[in-house]
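Structural overview for review
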Amino acid sequence: MLSIDERVELLMRGTEYGDSGLGSAMREELRERLIESDRTGVPLRVYCGYDPTSSDLHLGHTISMRKLKQFQDLGNEVYFLIGSFTSLIGDPSGKDKARPLVSKEEVFENGRTYAEQAFRVLDRAKTKVVYNSDWLEKVTLEEIFHIATHFTAQQILARDNFARRMESGEPIHLHEFFYPLSQGYDAHHLEADVQVGGNDQLYNIVTASRKVMEAYGQKPNIGILMPLLPGTDGVQKMSKSLGNTIPIHTNAEDMYGKVMSIPDATMPLYATLTTEWSNRELAAFETGLETGSLHPRDAKMQLAYEITRLFYGDAEASAAQDQFVATFQKGDIPDEMPEYMLEGDETILDILVANAMAGSKSQARRLIDQQGVKLDGVTVTDAWQRVENGGVLQAGKRHFLRIKKAN
RNA sequence: GGAUGGUUACCCAAGUGGCCAACGGGGUCUGACUGUAAAUCAGAUGGCAGAAGCCUUCGGAGGUUCGAAUCCUUCACCAUCCA
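Summarised in this report is the structure supplied together with it.

Conventions adopted
- Residues numbered from 1 in each chain as written.
- Chains lettered and ligands numbered in written order.
- Predicted model: local features only at pLDDT ≥ 70, side-chain atom pairs only at ≥ 80, totals over all residues.
- Heavy atoms only, no water.
- Buried < 20%, exposed > 50% of the residue type's maximum accessible area, 1.4 Å probe, protein only.
- Helix = DSSP H or I, 4+ residues; strand = E, 2+ residues; numbered from the N terminus.
- Pairing = 2+ DSSP bridges.
- Axes fitted to C-alpha atoms, helices over the stretch in contact; angles between N-to-C directions.
- Parallel < 35°, antiparallel > 145°, perpendicular 65-115°, else oblique.
- Left-handed = near helix turned anticlockwise from the far one by under 90°.
- Contact = heavy atoms within 4.5 Å.
- Nonpolar A, V, L, I, M, F, W, Y, C, P; charged D, E, K, R; others polar.
- Near = heavy atom within 4 Å.
- Polar contact = N/O pair within 3.5 Å; in protein donor to acceptor, adjacent residues only side chain to side chain.
- Phe/Tyr/Trp six-rings, centres within 6.5 Å; stacked < 30°, edge-to-face > 60°.
- Lys NZ or Arg CZ within 6 Å of the ring centre and 35° of its normal.

Counted residue by residue, strand E2 (residues 77-82) has five buried out of six residues, so it is predominantly covered. Here E2 pairs with strand E3 (residues 127-131) via five bridges, running parallel. Each residue of the ladder has a partner; that of Ile82, found in E3, is Tyr131.

Our focus in this paragraph is the packing of helix H1 (residues 4-12) against helix H3 (residues 59-73). Running from amino to carboxyl end, H1 crosses H3 at an angle of 165°, the nearest separation of the two axes being 10 Å. With respect to each other, H1 and H3 are oriented roughly antiparallel. When the axes of H1 and H3 are compared, the crossing they make is left-handed. Contact residues: H1 offers Leu10, Leu11 and Met12, while H3 offers Lys67, Gln70 and Phe71. The residue inventory of the contact of H1 with H3, partitioned by class, reads four nonpolar, one polar and one charged.

So, about the protein's contact with RNA strand B. Inspection of the region around RNA strand B gives 27 residues, with Met260, Ser261, Gln329, Ser362 and Arg366 positioned closest. Atoms of RNA strand B within 4 Å of the protein belong to the sugar or the phosphate in 69% of instances, the rest to bases. One of the backbone nitrogen or oxygen atoms of Met260 is found 2.3 Å away from a base oxygen of RNA strand B. Ser362 places a side-chain nitrogen or oxygen 2.5 Å from a phosphate oxygen of RNA strand B. At the level of secondary structure, the elements contributing two or more residues to the surface near RNA strand B comprise helix H15 (296-329) and helix H17 (361-369). The element that contributes the greatest number of residues to the surface near RNA strand B is H15, accounting for six residues. For the surface near RNA strand B, the class distribution of residues is eight nonpolar, 11 polar and eight charged.

Glancing now at the packing of aromatic side chains. A full pass over the atoms with the stated rule returns seven aromatic pairs. Between Phe108 and Tyr131 the ring centres are 5.8 Å apart and the planes differ by 15°, which places this aromatic pair in the stacked class. Residue Phe108 is found in helix H5 (residues 104-118), and its partner Tyr131 is found in strand E3; the two are separated by 23 residues along the sequence. Of the residues examined, Phe108 reaches a relative accessible area of 29% and is grouped as partly exposed. Following the ring pairs from residue to residue traces out a cluster consisting of Tyr256, Phe324 and Phe328. Looking at Lys211, its charged tip hangs above the ring of Phe151, at a distance of 5.7 Å from the centre.

Put into structure tokens, the structure is as follows:
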């Protein structure tokens, strides 16, 4: 068993508060709560909420999940909360616009897949999956009033995203005010000792949740705030709506390739947040990059391998790596690719469309015009060319199709 | 309840009778260059059509006109401000 100090160090690793006072206050509370837990033998109750507004979890979500895993490995009780109620409101955090509302059916469908995907990181047997609609749906208006008396409009409007919207005349809907209160209610209901989340959750986790818990006479939860992971563009936060995600639910090749597509400057952040490298390995990685002793390409390959390995294991990760080297570094064709049986005398144009390598015939023509289509390595110039004897058709850099002749 | 503004392609946004398949930006795609990327440069970006050309699109429906994203009528939705 790790000492208290070691545990605090581990659990606070990678956190980001944007305010050193808050960070050290949280660290101190965590230490006290761990000591208390040791004394009483009651594990800490730790949770993180996920709003299932889209169907897939991505690498950004795994940051908080890895943190939950650390708590879990230390014997604490972990709740994976699915925001089946709160996602109907839409978290205004970090948003300059109100979120579009999602339907209830969608939310539950997504919630199910979330939990499944989460077990790629978390220990299934030790994780409790809960849905906040189970209790939030039953909260009475009276109770809402009771909670709301602890909040002021000024306080909420002072949050910079609301302030910006006030400034620019963007609408602020009243229901958005209730998001932080609902999240606070979750913490209260779960009697949470610790709540993990992205640092855009500062208000929800630290201010709102603690306020609500205090209103109920509970010990306020400790916030463990993690930085947000930028997407594959390296700039904006990873988010499905921006299309810059690395989904968990994919395959090893895709994951490896997507990690390889992040900009160089983003590598250290990814290494810190999404790998299980020790502090020492991490330091070696970073100094290697700084001093130039580690080639950025090789560094990124290490990173891509490590991230892929965590989800798919060594065998698949190294297969993905081999394939990546072959296709992108050597320009070979990959070993595996979809196949297509010739039916008659289809033209290349037809085949491209039939196999979704182009969205329409017009698109396929453009692709050919732009010299983006190759048959067995030879650039196709004639859209009406036939593929008599089969071969490998390539569209762009990464889409391949093995065409076979029917017998 | 009153006043005003708005609804244009994946997103933002220009266009206020013909030169509009619709400026510009973002995104995306392709090519070049690379270290795989990023950055940069070039091109493309509704559909059908081997060229010409045709068809569909500017919130919905109807109308005026030789001709409408642009004018009129009407419906729907959204927002801001003042009560």
